[in-house]
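Architecture at a glance
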Amino acid sequence: ASGCACDGNTCKQIPNNTWMWNPQCCGCGQGATSKQAAELVSEVEQSQALVQLQALSVPAWCQYVPDAEKQAACRGSSASGCACDSNTCKQIPNNTWMWNPQCCGCGQGAAGKYR
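Every residue gets a number counted from 1 within its own chain, in the order that chain's sequence is written. Selection of residues for local features in this predicted model requires a pLDDT of at least 70, selection of side-chain atom pairs for listing and counting requires 80 or more, and totals for whole chains, interfaces and linings are taken over all residues. Values shown for side chains rest on all heavy atoms present in the structure; no hydrogens or waters enter the calculation.

Observations regarding the overall build of the protein
We count it as follows: Secondary structure elements follow DSSP: runs of H or I no shorter than four residues count as helices, runs of E no shorter than two count as strands, and numbering proceeds from the N terminus. Under the scheme applied here, a residue whose accessible area is under 20% of the maximum for its type counts as buried, over 50% as exposed, and between as partly exposed, the area being computed with a 1.4 Å probe on protein chains only. Throughout, a contact is declared for two residues whenever any of their heavy atoms are within 4.5 Å. Using the Shrake-Rupley algorithm and a 1.4 Å probe, accessible areas are obtained, with residue cover drawn only from the displayed protein chains.
In terms of regular secondary structure, the protein is built from 5 helices and 0 strands. Scanning the protein from its N terminus toward the C terminus, one meets helices and strands in the order α-α-α-α-α. Counting only residues that meet the buried cut, the protein has 27% of its 115 residues in that class. Of the contacts made within the protein by residues no fewer than 6 positions apart, 44% connect residues no fewer than 24 positions apart. Total accessible area computed for the protein in this model is approximately 7,600 Å², and 50% of it derives from carbon and sulfur atoms.

Rendered as C-alpha cells:
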C-alpha cells in the first residue's frame, strides 16, 4: 500500500489487527510487497489472549496528554471518561478498546453487561 511501511521491530510488538491503522505497519501481512513483510507475525497475539480485558476510567492514550489538559482531553464524549457502547465496541477488536473513549469502559470490572 502506498504510504505504508513494514517496520518489523515495531509491528511485531503490537497486535496485527491494528496494523492497518499504523503507517509503520500497514505494509505488513497479506499482500505485502516482500516475503519477509508478508510473513511477519505479531508476538503479542498469544499473550493478548491470556490477558483479561480491564475496564478503564480514561483511554490508554491519556497517559501522553499533558497534565494540564487531561481533564478536558481524556473524557471523550462521556463526562465521566470511558464509556462502554456495545453497539460500537462489538464491531471493533477488543484488544483496541483501551484506546477508544467509547469502549475503554468495557471489560472486566465494567458496570454494564458488555465485558
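Still more to cover.
So, the state of the cysteines
Formally: Throughout, a disulfide means two cysteine sulfur atoms within 2.5 Å of one another.
According to the stated counting rule, one finds 7 disulfides in the structure shown. One disulfide bridge connects Cys11 with Cys25, the sulfur atoms lying 2.0 Å from each other. Where Cys11 bonds to Cys25 through sulfur, the torsion about that S-S bond is close to -100°, and the disulfide is left-handed. Residue Cys11 is located in helix H1 (residues 8-11), and its partner Cys25 is located in the loop between H1 and helix H2 (35-38); the two are separated by 14 residues in the primary sequence. Residue classification places Cys25 among the buried residues on the basis of a relative accessible area of 0%. What pairs with Cys82 in a disulfide is Cys104, and their sulfur atoms sit 1.8 Å apart. The disulfide joining Cys82 to Cys104 has a torsion of about -100° about its S-S bond and is therefore left-handed.

A look at the confidence of the model for the protein
As a reminder of what qualifies: Known as pLDDT, the predictor's per-residue confidence is scaled from 0 to 100.
Per-residue confidence for the protein gives a mean pLDDT of 80; residues scoring 70 or more make up 81%. Confidence, read as mean pLDDT per element, is least for helix H3 (residues 45-50) in the protein (48) and greatest for H2 (90). Note that residues 46-51 has pLDDT below 50 and, in this model, 1 contact with residues that lie over four places away or in other chains.

Regarding the pattern of salt bridges
Stated formally: By convention in these notes, a salt bridge is any Lys or Arg side-chain nitrogen within 4 Å of a carboxyl oxygen on Asp or Glu.
Applying the stated criterion across every chain, the model contains 2 salt bridges. The partner of Lys35 in a salt bridge is Glu39, and the shortest N-O contact between them spans 3.9 Å. The closest approach of N and O atoms between Lys70 and Asp67, which form a salt bridge, is 3.4 Å. Taking relative accessible area as the criterion, Asp67 reaches 66% and is therefore assigned exposed.

Some details on a nonpolar patch on the surface
Heads up, the condition is: Residues form patches when they are more than 30% accessible in relative terms and have no salt bridge. Like charges link within 9 Å. Nonpolar side chains (Val, Leu, Ile, Met, Phe, Trp, Tyr) link within 5 Å.
A surface patch of nonpolar side chains, amounting to about 430 Å² of accessible area, comprises Leu56, Tyr64, Met98 and Trp99. With respect to the helices, strands and loops of the structure, Met98 is situated in the segment after helix H5 (86-89).

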